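Observations on the three-dimensional arrangement
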Amino acid sequence: MNSIETVSVCGLGKLGSCIAATLAARGFEVVGVDIDPEKVDKVNKGLAPLDEPLLAETLRAGHSRLRATLDPRETVATDATFFIPPSPSLPDGSFSNEFLLRAMQPVAKAMKDAGKKNHLFVCSSTTTPGAIDAVLIPMLERELGGVCGRDFSVCYNPEFIALGDVVNGLLEPDLVLIGESDPGSGAALEQLYKKYNRNSPRIARMSIISAELTKISLNSYITMKISFTNQLRLIAARHPKADIHAILDALGNDSRIGKKYLRAGLSYGGPCFPRDNRLLAYTARQVGLEAPLAEASDRVNERTKQELVEKVQQMAKPGDMVAVLGVTYKPNTYITEEAAGLFLAQQLKRRGYRVLIHDFAATPANSPSLHEFELISSWEEFKNNPGVSLAVICCPWLQYRDLASTAGTRVFTPWHL
């Protein structure tokens, strides 16, 4: 296929809005498509549809080349369409295709009605390995009345980003992963990234199923590394003279291990790591195998959550007032999904403690699960006069490092702030 100059992005959520904004800022003509009128209206006004560092500035930089619409037919005038709808987990660990099918079907219909050939469909949402070949491509072939790789193309192109730093992660990735239905589509997407990225990342092109396995395997490997550090922290805690921070610092200096994610802390959380790790275990079961490392990472992670609750119960008795500081899964984002702090707050409240919570980004407005808790409204006032028996730092926001134990308040954290 020809080079990609114009792009449409279906799904203007946490990732999709950032992809649309950065592509426009880097010179591409972009059409954003979403079913939410409020998001569409905000993007057209040059406003960020959600909270993410640098998104507002990036939207302003590319505003002349970006517009949003509710109408999927406007994708016809573009060379390629990126699809980034949700892909929620199912009880067995696999990912649902429902929202991807809902997003792709009307675009395919629009292409068919317009008689357009050679459109590139790019799936950026994480999929269960095999789903694109077995479910999504057959749907597109039915809707378009054509053959994938001849009449249209499909690429699997997940992004490896961290919420709170999505814009920089998109523009300067370590790796660009492209699963391609045919060499022409992969080459076209590779050329797009050579214009799009500010750095020169490794661009790995492969079959779609290989890319699906690569995506979840990369995140599963990281969760294994985090669980290893937590396993070691739990062991070191049983030895009074052991310093987990010194141990991990020494281990990280071996080039075979490296320092990334080798840091004492709490359980991993968020929308990707836990789900992708479980998805790898599901994928193994589907072919009659086990993934014992992935399963063990998950068990250690759950044990790490429980250990935190048990530790806090040893430090404060039921009825005491406990402050849980940091209920997001990491700094610089409002996402509380599978966060250690939220888990601790929920467990303590159920056990009869009075729980106060604080975070520098998460609020009941953007994280409804916080509605059940009392909020610390002013960090400065709390820092000067905590008025609680125990304060537990569960997310390493740098602002928490100034909080010190007092005669009436004990401060506990596994983080080396």
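How each quantity is defined
- Residues numbered from 1 in each chain as written.
- Predicted model: local features only at pLDDT ≥ 70, side-chain atom pairs only at ≥ 80, totals over all residues.
- Heavy atoms only, no water.
- UniProt positions renumbered as here; feature names shortened; annotations may be inferred.
- Buried < 20%, exposed > 50% of the residue type's maximum accessible area, 1.4 Å probe, protein only.
- Helix = DSSP H or I, 4+ residues; strand = E, 2+ residues; numbered from the N terminus.
- Pairing = 2+ DSSP bridges.
- Right-handed = clockwise from strand over helix to strand, strands pointing away.
- Contact = heavy atoms within 4.5 Å.

- In the annotation of an unreviewed UniProt entry, the entry for the protein chain reads UDP-glucose 6-dehydrogenase, and the organism field reads Bradyrhizobium sediminis.
- The UniProt entry for the protein chain carries the following text under Sequence similarities (unreviewed entry): "Belongs to the UDP-glucose/GDP-mannose dehydrogenase family."

1. Re the pairing of strand β7 (residues 175–180)
- In terms of burial, β7 is largely enclosed, as six of its six residues are buried.
- Burial along β7 is two-sided: L175, L177 and G179 and V176, I178 and E180, pointing in opposite directions, are all buried.
- Relative to β7, strand β6 (residues 153–156) runs antiparallel, the two sharing two bridges. Counted as the bridge partner of Y156 is G179 from β7.

2. A short note on the pairing of strand β1 (residues 6–10)
- In terms of burial, β1 is a largely internal element, four of the five residues being buried.
- The parallel pair β1 and strand β2 (residues 29–33), bridged by helix α1 (residues 16–25), forms a crossover whose chirality is right-handed.
- Note that β1 and strand β4 (residues 80–83) share four bridges and pair parallel. Across the sheet, the residue bridging to C10 is F83, located in β4.

3. A word on the side chain of Q346
- Assignment of secondary structure puts Q346 in helix α12 (residues 340–350).
- When near neighbours in sequence (up to four residues on either side) are disregarded, Q346 contacts E372 and F373.

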